[in-house]
Amino acid sequence: MSRVNKIKGFFDLFPPESTSYTFMEDKAREIFARYAYQELRTPILEQTELFARSIGQDTDVVQKEMYIFPDRRGRSLTMRPEATAGVIRAYIDSPAASSGNVSRFFTLGPMFRYERPQKGRTRQFHQVNAEMLGEDSPYADAEILSMLWGYLQSLGLKELVLEINSLGCPACRPGFDAKLKSFLEGINRDVFCEDCQRRAGSNPLRVLDCKAAGCREVASEAPRIVDNLCPECKEHFDRVLGILKSFDIYYELNPFLVRGLDYYQRTTFEVISNDIGSQSAVAGGGRYDGLVKVLGGPEVPGIGFACGMERLALLLQGIQERPMDFYMAVLHEDALDKAMLMVRRLRSKGYRGEMSFQVRSVKSHLRQANKKNVKTCLLLGLDEMHKNQVQVKDMSTGVQRAVSQDDAEQALGLVFQPR
Ligand code: HAM
């Protein structure tokens, strides 16, 4: 029979790679809990309109990258390309939206974008995502950046750069958009890529985010939004930067950082790594004060970020799973029952390990135990059965000794400490 292939851009995560993902998720739960964030799990499928309205019609994500299909009754559904829109939809549906309280959520899981796969870019990818709703203070921006930075540090990642910008608000953005538009109108249209020939008129900020060489050149000469902020946005941004400085979080101002999604206002940021090739943004986010309203909710400000786990995993290579505590090796058929009982007892005490159900020679078992990188090999044969003993071999020192079966736990405890 022929095999069924997996879908292009989708991947199976085997250990040890999956170990990095568990590590990233565990650390997210640990660090985010310190900031009072709680987990929110939202559906992978949403109505297409949710993303079109929030991310923006003119964005690459909505124009080209979404997995859209009709359900059995012809309703247009989309596999989430990011988490924020779904989190806001869920928030609006919940009592939290009208409570007047600040809500803090994190979401972990797969996202889907139909992009050209390459290193660090897949069609199913995973995000560690966090959102804070109900607070527009610059302290909120600084706190979420501090959480993001703390999280990345907890993963042991050091050579990262935080880039930051402000995109203004409904008071100052329209004026800037008009200024940018008239600047772009003065440029020969042939310089732009096909998309930007259209966007220069409909959504000029998108031209600043375009990766095409011609558009980038135009962008470098274009007016900068940071020079066109209203006094309130300028003060907000200056406060954010001031608090980051007091936290000793190093940042670089990037006036061209406009992000690929339309919902951002004021503070926007990305974290860049120079060690993973062209797909260098390991995290991105910002403030989206108008989004809850756009999606039919009350006037509630918000800010958040998402880290791309595939890109972080490229930096985490080398993270190893904790070795198993034991490998139970059975040397005679008649020892199987007893070995199984011992293993059951060890597991109930919190030790982690496996038992081979095949009777093999000592040499062959030890080869297996070595391959599996276990701390201790327990050997049980007829001899040991008669003496009510078990052999305990410390795999790192090679020291082996016989102990009473009842003392096996204690013997393991001497070799290592259980969790
Ligand atoms: P984003 O910049 O579109 O923002 O994605 C965040 C991160 O997801 C990127 O920096 C990148 O690491 C990762 N990523 C995106 N696309 C791919 C892909 N095709 N393959 C691998 N990794 C990818 C958002 O998604 C916003 N929702 C973030 C946010 C949360 N803003 C506010 N709250």
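Cut-off values and rules
Residues numbered from 1 in each chain as written. Predicted model: local features only at pLDDT ≥ 70, side-chain atom pairs only at ≥ 80, totals over all residues. Heavy atoms only, no water. Core = buried A, V, L, I, M, F, W, Y, C linked by side-chain atoms within 4.5 Å. Buried < 20%, exposed > 50% of the residue type's maximum accessible area, 1.4 Å probe, protein only. Helix = DSSP H or I, 4+ residues; strand = E, 2+ residues; numbered from the N terminus. Contact = heavy atoms within 4.5 Å. Phe/Tyr/Trp six-rings, centres within 6.5 Å; stacked < 30°, edge-to-face > 60°. Arc of directions from axis to C-beta. Pairing = 2+ DSSP bridges. Axes fitted to C-alpha atoms, helices over the stretch in contact; angles between N-to-C directions. UniProt positions renumbered as here; feature names shortened; annotations may be inferred. Parallel < 35°, antiparallel > 145°, perpendicular 65-115°, else oblique. Left-handed = near helix turned anticlockwise from the far one by under 90°. Nonpolar A, V, L, I, M, F, W, Y, C, P; charged D, E, K, R; others polar.

**Student:** How do you make sense of the nonpolar core when you look at a structure like this?
**Tutor:** Side chains of nonpolar character tend, in soluble globular proteins, to be buried together. The biggest cluster of nonpolar side chains holds 90 residues, and the ones touching the most others in it are Phe 32, Tyr 151 and Leu 152. At eight residues, helix H6 (residues 138-154) tops the list of elements feeding residues into this core. The contact partners of Phe 32, leaving out residues within four places of it in the chain, are Tyr 37, Phe 106, Val 128, Ala 130, Met 147, Tyr 151 and Phe 305.

**Student:** Would you explain the packing of aromatic side chains in this entry?
**Tutor:** Centre distance and the angle of the planes are the two values used to describe a pair of aromatic rings. Under the defined criterion, the tally for this structure stands at nine aromatic pairs. Ring geometry for Tyr 263 and Tyr 288: centres 5.8 Å apart, planes at 75°, overall edge-to-face. Here Tyr 263, found in the loop between strand S8 (251-253) and strand S9 (265-273), pairs with Tyr 288, found in the loop between strand S10 (281-287) and helix H12 (291-294); they are 25 residues apart in sequence, far enough to count as distant.

**Student:** Even after reading the chapter, I still don't get helix H10 (residues 213-221), so can you show me in this structure?
**Tutor:** Because each turn of an α-helix spans 3.6 residues, side chains separated by three or four positions end up pointing in the same direction. Restricting attention to buried positions, one finds in H10 the residues Cys 215, Val 218 and Ala 219. When H10 is viewed along its axis, its buried side chains cluster within an angular range of 105° and face the same direction. In H10, the exposed positions that point more than 90 degrees away from the buried face belong to Ala 213, Arg 216, Glu 217 and Glu 221. Buried residues in H10 make contact with helix H7 (173-185), helix H8 (194-202) and helix H9 (205-209).

**Student:** Would you mind going over the sheet that holds strand S13 (residues 353-355) with me for this structure?
**Tutor:** Across a sheet, paired strands are connected by hydrogen bonds in the backbone, their directions being either parallel or antiparallel. Overall, mixed pairing links the five strands, which are arranged S13-S12-S14-S15-S16 in an open sheet. The sheet is open, and its two borders are formed by S13 and strand S16 (400-404), each paired with just one other strand. Going across the sheet, the axis of each strand differs from the next one's by a mean of 25°, ignoring polarity. With four bridges joining them, strand S14 (residues 376-380) and strand S15 (residues 389-394) adopt antiparallel strand pairing. The residue of S15 that forms the bridge with Leu 378 is Val 392. Where helix H14 (residues 336-348) meets the sheet, it contacts strand S12 (326-330), S13, S14 and S15, and its direction lies at approximately 170° from that of S12.

**Student:** I'm lost on unusual backbone geometry in this one. Help?
**Tutor:** Phi is mostly negative for residues that are not glycine, and the peptide bonds are mostly trans. Of note, the amide linkage connecting Pro 15 to Pro 16 takes the cis form, showing an omega dihedral of 10°. Of note, Pro 16 is situated in the segment before helix H1 (17-34). We note that Arg 259 has phi near 70°; this positive angle belongs to a residue other than glycine.

**Student:** Sorry, what's going on with the UniProt feature "domain: Aminoacyl-transfer RNA synthetases class-II family profile" (unreviewed entry) in the protein chain here?
**Tutor:** According to UniProt, the positions carrying the feature "domain: Aminoacyl-transfer RNA synthetases class-II family profile" (unreviewed entry) are residues 21-316. Secondary structure content for residues 21-316 is 41% helix and 22% strand, while the C-alpha to C-alpha distance between its ends is 9 Å.

**Student:** In this structure, what is going on with the packing of H6 against helix H11 (residues 231-246)? I would like to understand it.
**Tutor:** How two helices sit against one another is set out by the angle between their axes and by the gap between those axes. At a minimum axis distance of 8 Å, the contact between H6 and H11 shows a crossing angle of 40°. Comparing the axis directions of H6 and H11 gives the class oblique. The two elements H6 and H11 cross, and the hand of that crossing is right-handed. On H11, the residues touching Pro 138, Tyr 139, Asp 141, Ala 142 and Leu 145 of H6 are His 236, Arg 239, Val 240, Ile 243 and Leu 244. Residues of the contact of H6 with H11, tallied by class, amount to seven nonpolar, one polar and two charged.

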